[in-house]
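This is what each chain is made of:
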Amino acid sequence: MATFKSGAFAQQCFSAHPLSLNFKALTPPDRVVVECINCHMRHRFTVRALMTRAAEVGGPEREAMGDLGVCAAEHPGELRVSVIDVMTDSVKLRCGACRKAYSISVSVFETYRKDG
């Protein structure tokens, strides 16, 4: 199956069925994969920067690849896409278990159909 290098597919998928986009994988050193359980597409984001806010309200942003790795290992089913914005090349994830929010600055959007 072809891989489409455009954020338009991820944006359209999120717009049509936002609750269907689930975290699938964190592939070091710089890729995050989400899967749409509705249309069976996978969206792969090459990470330019991955940030989260410090615990205190209004705290500064900090690098968060390690934090996302912990969430992905401990409770991957709780990670959901909360925003996809191709105009700013950004994706946001939210973890329902630990309440962390992750902001991803994306350098490359890729979409492909899930095998099987």
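So, here's what we can say about the structure. What you are looking at is a predicted structure, and each value in this text was computed from that prediction instead of being measured.

The number of helices and strands found in the chain is two helices and seven strands. Start at the N end of the chain and walk to the C end: the helices and strands fall as α-β-β-β-β-α-β-β-β. Here the chain has a C-alpha radius of gyration of 13 Å; the compact-globule value for 116 residues is 13 Å, and the two agree. With the C-alpha coordinates of the chain rotated into their principal frame, the extents come out at 45 × 25 × 25 Å. Taking contacts inside the chain between residues at least 6 apart in sequence as the whole, the part at least 24 apart equals 48%. Surface summary for the chain: the accessible area is close to 6400 Å², and the carbon and sulfur share equals 54%. In the chain, the 15 positive side-chain charges and the 12 negative ones have mean positions that sit 4 Å from each other.

Our focus in this paragraph is the side chain of Arg-44. Among the structural elements, Arg-44 can be located in strand β3 (residues 41-53). Those residues in contact with Arg-44, other than ones at most four positions away along the chain, are Thr-3, Arg-31, Val-32, Val-33, Val-108, Phe-109, Glu-110 and Tyr-112.

About the criteria used
- Residues numbered from 1 in each chain as written.
- Predicted model: local features only at pLDDT ≥ 70, side-chain atom pairs only at ≥ 80, totals over all residues.
- Heavy atoms only, no water.
- Helix = DSSP H or I, 4+ residues; strand = E, 2+ residues; numbered from the N terminus.
- Rg over C-alpha atoms; globule rule 2.2 N^0.38 Å.
- Contact = heavy atoms within 4.5 Å.
- Areas by Shrake-Rupley, 256 points an atom, 1.4 Å probe, with all protein chains shown as cover.
- Lys, Arg positive; Asp, Glu negative; His and termini not counted.
- Charge placed at Lys NZ, Arg CZ, Asp CG, Glu CD.

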